[in-house]
Amino acid sequence: MISVSLIDGTAPLTADVIVVATVSTEDGVALADGAAGVDAALGGVLLAALRAVEATGRADEAIKIPTLGKSGTPLIIAAGLGKGAPGILDPEAVRRGVGTALRGVQSAKRVAVAIGTGTDPELVGAISDGALLGGYRFTKYKPSAEQNPLRRVDIAVSEPAQAGAKAAIRRSRIITEAVNNTRDLVNTPANHLNPVTFASYAREHGEAAGLAVEVLDERALKRGRFGGILAVGGGSSTPPRLVRLSYAPARARARVALVGKGITFDTGGLDLKHTGMADMKSDMAGAAAVIESIIAAARLKLPIAITATVPMAENAVSGSSYRPSDILVMRDGRTVEVDNTDAEGRLILVDAILRACEDSPDYLIETATLTGGQVVALGNGISGVMGSDDFRDRVVAAGTAAGESLWPMPLPAALRSRLDSPVADVVNLPKDRSASMLVGGTFIKHFVPDGLDWVHLDIAGPAFLQSASGYNSQGGTGVIVRTIVASLTELAES
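These numbers come from a predicted model, not from an experiment.

As a further point, take the overall build of the chain. Scanning the chain for helices and strands turns up 14 helices and 21 strands. Expected size for 494 residues packed as a compact globule is a radius of gyration near 23 Å; at 24 Å, the chain falls within 12% of this value. Each principal axis of the C-alpha atoms in the chain carries an extent, and together these give about 80 × 50 × 45 Å. Split into buried and exposed, the 494 residues of the chain put 58% on the buried side. By sequence separation, contacts in the chain at least 24 residues apart represent 76% of the contacts at least 6 residues apart.

Burial of strand β7 (residues 152–157) is extensive: 5 of the 6 residues sit out of reach of the surface. Where strand β6 (residues 110–113) and β7 come together, 4 bridges link them in parallel fashion. From the neighbouring strand, V111 faces β7, where its bridge partner is V153.

Packing of helix α9 (residues 285–300) against helix α14 (residues 481–493) leaves a shortest axis separation of 9 Å and a crossing angle of 40°. The pairing of α9 with α14 is recorded here as oblique in orientation. Once α9 is placed against α14, the crossing between them reads as right-handed. Residues A289, V290, S293, A296, A297 and L300 of α9 form the contact with α14, whose own contacting residues are V481, I484, V485 and L488.

The rules behind these values
Residues numbered from 1 in each chain as written. Predicted model: local features only at pLDDT ≥ 70, side-chain atom pairs only at ≥ 80, totals over all residues. Heavy atoms only, no water. Helix = DSSP H or I, 4+ residues; strand = E, 2+ residues; numbered from the N terminus. Rg over C-alpha atoms; globule rule 2.2 N^0.38 Å. Buried < 20%, exposed > 50% of the residue type's maximum accessible area, 1.4 Å probe, protein only. Contact = heavy atoms within 4.5 Å. Pairing = 2+ DSSP bridges. Axes fitted to C-alpha atoms, helices over the stretch in contact; angles between N-to-C directions. Parallel < 35°, antiparallel > 145°, perpendicular 65-115°, else oblique. Left-handed = near helix turned anticlockwise from the far one by under 90°.

So, in structure tokens, the structure goes:
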């Protein structure tokens, strides 16, 4: 567990590694504010050393400069923030730069960050975020010799006792812990994380955060007519679950429903996947994000009532698997024709959304690794956002301010006819696969009550990366937790 502390930036810094920042200017690389004391300790040669190794200050650049005995700290890492001015720092650039630097730290136990923040809580929080996210390692199944040695990160500020900076550190700790827990869940393989163990995790951690927890097993799901969840989970030897986590403060300003897709492994079912199956342990990233987001909201004591409804199933292949052409009866009695068993996420989500909306929430936030179309349209770095226009845009604004990349997408009314079925109310996947991200959102919309402010967040690409970037290591990213928590915070404050 990495701790983050505020220290006096006017005093000499001592650590195993000191992180400073650079920017790219028209005149070449320049030191960002906050590095003057570090440069002075080296006799004023830091910028010359960076230029000698052809540092540019570009984003995602991390240049290591050994001090060769000129300082009590053996190593300086200069984190590039991209184009800009030394004294005007963008919080997300700082977050990303610090995260890149911390990913490169291998053996240090203590790191100090000397990036000029003054007493700006937003920049202090960004440094803390970058350090805690960039310092993440998934070592659960590694031998003890390969555990992360980093234990402490000190942030040099002008006034360590300043209340705003302390509050920013506290908020950063809560949110980054939620992100990193989500990463752990996404990175855990399916032989260790299945619907039953996932539900147990949700119960244990939810109750520890003071949440009310309800877990519906396969018998309760049958009684509750959750036809989508039961069908998708029917081919697995591990039965499906539906988890309900509730946070109810005394004076709630709004009622928010969270829903997240929890496919603990997706073979594609009888429509077996041809490629990329090894990454399908990540198909529960939406569920993990929702669980950790409501826990973070409770720890932050947000004055809104929140209920997370989380369907969990394994889409496996066996004699009891559901089939193409099956007709499923959903929670509310409407029917869905199954065209493709690999479009399973929307089936479990619909049952969960129907249950969540029985509580008459004011807002619905739903997230899922839903479509390959999201990756085709937006790549691995940007989540697609659909829903009711005004609320969609509020969520995009909140998530963008929190440092996540999102793009608002339309749900044209003309797409609804593509879901028509000759034998059921709707089909889960039309033959025409164009605009598949939007068609997936349209399918979800069909089951959302009219007039409800809602948003669908497709995180198929950003949830799991094949290579490290910024503060994200390879594998699970914990994406969308910061967006959800920021949106909940905005709702609480508005």
